[in-house]
Amino acid sequence: MEGISPDQESVGSGTKRSSVSSGGRHRNQKEFLRRFMDSEILTANLEDWFDTISENSASDMFDVPFELVELQQFDYALEGVSFQQLVRMPSAVYASTSDAVEATAYLAIEDFLHAGVKGLWETFWSEGEPLPFYVSCLYNENMKFYQAERAITNGKLGGLRATAVLLKNARHPHGRWDEVLVLALLRPDIGNLASESARFPPISIMGEALYFAIRILLSRSISRTGFSLKSSPVFVLLVDSQYGGVVKVEGDVQKLDFDVNNVYECAAEWIKSHSRIAISPVDRIWNKLGNANWGDIGALQVLFATFHSLMQFAGVPKHSIEDLAADHGSRLQARRIERLLADTRINGNSLFRFQQQSGSPEIVEVPDESNKMEPDELMKLEVGSVLWLEDSNWQKGYQINEVLTDGELPYYVASSVEDPGKALFLYVGARPSQLEPAWEDMNLWYQVQRQTKVLTIMKQKGLSSKYLPQLSSSGRIIHPGPCQRPDAGGNCDHPWCGTPILVTSPVGEPVADMVRSGRFGSDEAIKCCHDCLSALATAASAGIRHGDLRPENVICVTSGVRHPYFVLIGWGHAVLEERDRPAMNLHFSSTYALQEGKLCSASDAESLVYMLYFSSGGDLPNLDSVEGAFQWRETSWSKRLIQQKLGDISAVLKAFADYVDSLCGTPYPMDCDIWLRRLRRHIHEEEHGKEVDTSG
Ligand SMILES: [Zn+2]
């Protein structure tokens, strides 16, 4: 308490007598709470009441805290929110009673609640404000809260009893009961309720849940901080290592008879006569691997209870559930389109084809079984599909010949209907209005819109190199059916309307595929190094850096040429100006890019060295963090592992790696010309001087 005496409190208020009595009542309640320490005695006092419940059906007596339709709406609102659980829940299947497993379970539940609270706060409330809540474990001996890791290191594991979300309060590092938002009890066998479809938890656990609920309600009731709401419900979460459910308790604790000599009977009486209790069904939260299934009913119930608890302290959220859920429809549609695009390689069944009527530019959808499905939702491109593009009032048709992937997204080898002999790359974007900050869509945007911009700038600046891709055409897709797009611009209601398309040349095989099938040898490595460096040098002359150099973004052109050559594609992440950020790739990004989120002069060359190293059989490390990626780079360079590996291929590649190593992270410009000359000398030895390459 903040040391306000009853006398101070009475200043300016009614009669002194009544204020003293309220102060006395307050002291009484504090004393009541101090003596209310043992959940087992409360449980014993509720035994007969529990018996009557088991005789009747619990579902008749208790309501559920949340309706399914509410949970569904909440689920829609949370679409795209990524809750990140770092500590896995140990599996019940293999669980022993060992301390290590129990300790991990406490760490996992703490981590789970933290991930939930953080995700909810950032989605609904925060506008850059830091999280005002924290998660901590209740230590039974002194009823104080400690971080699980701390408690476990200090040998308190055996005394841990619950995990709570609390309001941050620097003056009370071990928590205050009136600042507990929500409390979770980790008890084995909660999941049995799910399999037995019984609603009422075991009496011992239910007694404990009610005990904690009363404790929190009472603490809030006598609290004088501004945070607590006297009548708010308290949510207690019941979880085991796989399942979970929610108990909600509310009621006016002022109706409790505060007989300090009879605390448990009084509390039991209040439960029976004055409380309202709701119990949710128990559902699965963690899968067998110990990862939370955030979208499942079990996890949603727990999250929704947490959401309501946060609201008691943080007020009405800035973004309502309804508003966030309203975007569900368009997101669903975008995702379906995406999924269909991604599925085209697997499913050969034709659902979407265009056919050009003779002599007419009009496009007609061929009637087939696709009519059974919602035609709106399908955008299926497969081998044989023809797609039409509007490019500055010209209509161009492209037939899909092959479906490829850049590692994440599909793209296509297509041929122009007017000039079927020439193969082209075709990229299909997302409809602009359906863009959302999900990664898939951002990647699609980089692949199509951003890359179109970069290639257009290259064209405008007159950059020409056979090692750079050429923009063939770009524009909007022409969708089947009438287009009712407004004259002022924008799109009509058709789900493909406005979908951007990019067409480039030349076409070739990604280095990633060559490596996979063992066709990337030492000759290829030297040639690849030369050609990519040449492309980088040409782009850099116009201030453009690539920023996403990896084996999927380098192709080998073999068709119609005497000597195969490599082209650096995938320019969507290119850095044109200071504020542009390169792509992040734990294996291929340069050290400077990982560290600063920017590129320096040697960054692309550094990525090129990594690509050559991995493509030539260098061990691909298992990297899952930026720290790990730094570590790998530091060790590999300092032990000269990269130089050694490249030295096995060719002395010039080894020397090149040494040069790049000396430049990494420095502001010094890279001298490409020297290296292009040296590399060319090696290539010409291989090719017996048949082709004099002057374009580098
Ligand atoms: Zn349209």
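Residues numbered from 1 in each chain as written. Predicted model: local features only at pLDDT ≥ 70, side-chain atom pairs only at ≥ 80, totals over all residues.

Here we come to the overall build of the chain. Scanning the chain for helices and strands turns up 23 helices and 19 strands. The buried share among the 696 residues of the chain stands at 39%. (Helix = DSSP H or I, 4+ residues; strand = E, 2+ residues; numbered from the N terminus. Buried ≥ 20, exposed ≤ 12 C-beta atoms within 10 Å, placed from the backbone.)

So, about the pairing of strand E13 (residues 410–416). Pairing geometry for strand E12 (residues 394–405) and E13, over 7 bridges, is antiparallel. Bridging from a neighbouring strand, glutamine 399 pairs with serine 415 of E13. If you look at the hairpin formed by E12 and E13, you'll find 4 residues sitting between the two strands, and glycine 407 has a positive phi there, around 110 degrees. Pairing analysis gives 4 bridges linking E13 to strand E14 (residues 423–428), with the strands arranged antiparallel. Following the sheet pairing, serine 415 is matched in E14 by alanine 423. As consecutive antiparallel partners, E13 and E14 are separated by 6 residues. (Pairing = 2+ DSSP bridges.)

Looking at the chain, the pLDDT average stands at 82 and 83% of residues meet or exceed 70. Predicted confidence in the chain is weakest over strand E9 (residues 354–356), with a mean pLDDT of 28, and strongest over strand E19 (residues 565–568), with 98. In the model, residues 434–440 has pLDDT below 50 throughout and makes 13 contacts with residues more than four positions away in sequence or in other chains. When the criterion is pLDDT under 50, residues 689–696 qualifies, and its contacts beyond four places in sequence or with other chains add up to 10 contacts. (pLDDT = per-residue confidence, 0-100. Contact = placed C-beta atoms within 7 Å.)

A separate point is the environment of phenylalanine 588. The topology assignment puts phenylalanine 588 in the loop between E19 and helix H18 (591–596). Sequence separation between phenylalanine 588 and phenylalanine 614 is 26 residues; the distance between their C-alpha atoms is 9.3 Å. Those residues in contact with phenylalanine 588 that lie beyond four places of it in its chain are Leu549, Arg550, Ser607, Tyr610 and Met611.

Let us look at the nonpolar core. The biggest cluster of nonpolar side chains holds 89 residues, and the ones touching the most others in it are Ala209, Ala213, Val236 and Leu237. Not counting chain neighbours up to four residues away, the residues in contact with valine 236 comprise Leu183, Leu185, Ala209, Phe212, Ala213 and Val247. Ala537, Leu549, Val660 and Met670 belong to the second largest nonpolar core, which has 56 residues in total. (Core = buried A, V, L, I, M, F, W, Y, C linked by C-beta atoms within 7 Å.)

Bringing the packing of helix H19 (residues 603–615) against helix H21 (residues 641–649) into the picture now. Packing of H19 against H21 brings their axes to within 10 Å, and their N-to-C directions diverge by 60 degrees. The angle between H19 and H21 falls in the class oblique. In terms of crossing hand, the pair formed by H19 and H21 is left-handed. Here Val609, Leu612 and Tyr613 of H19 come into contact with H21, specifically with Ile642, Lys645 and Leu646. (Axes fitted to C-alpha atoms, helices over the stretch in contact; angles between N-to-C directions. Parallel < 35°, antiparallel > 145°, perpendicular 65-115°, else oblique. Left-handed = near helix turned anticlockwise from the far one by under 90°.)

Attention shifts here to H19. If you check H19, its first and last C-alpha atoms are 18 Å apart, about what 13 residues at 1.5 Å a residue would give, namely 18 Å. Among the 13 residues in H19, 12 count as buried, and that is most of the element. Looking at H19, one finds that the buried residues are Ser603, Asp604, Ala605, Glu606, Ser607, Leu608, Val609, Tyr610, Met611, Leu612, Tyr613 and Phe614. If you follow the buried residues of H19, they end up packed against helix H17 (522–540), H18, H21 and helix H22 (651–663). Just beyond H19, the residue with positive phi is glycine 617, at close to 100 degrees. (Expected span 1.5 Å × (residues − 1).)

This paragraph deals with the pairing of E14. Of all 6 residues making up E14, 5 are buried, and the element is well covered by its neighbours. In terms of strand pairing, E14 meets strand E16 (residues 500–505) through 4 bridges, oriented antiparallel. The partner of phenylalanine 425 across the bridge, within E16, is threonine 504.

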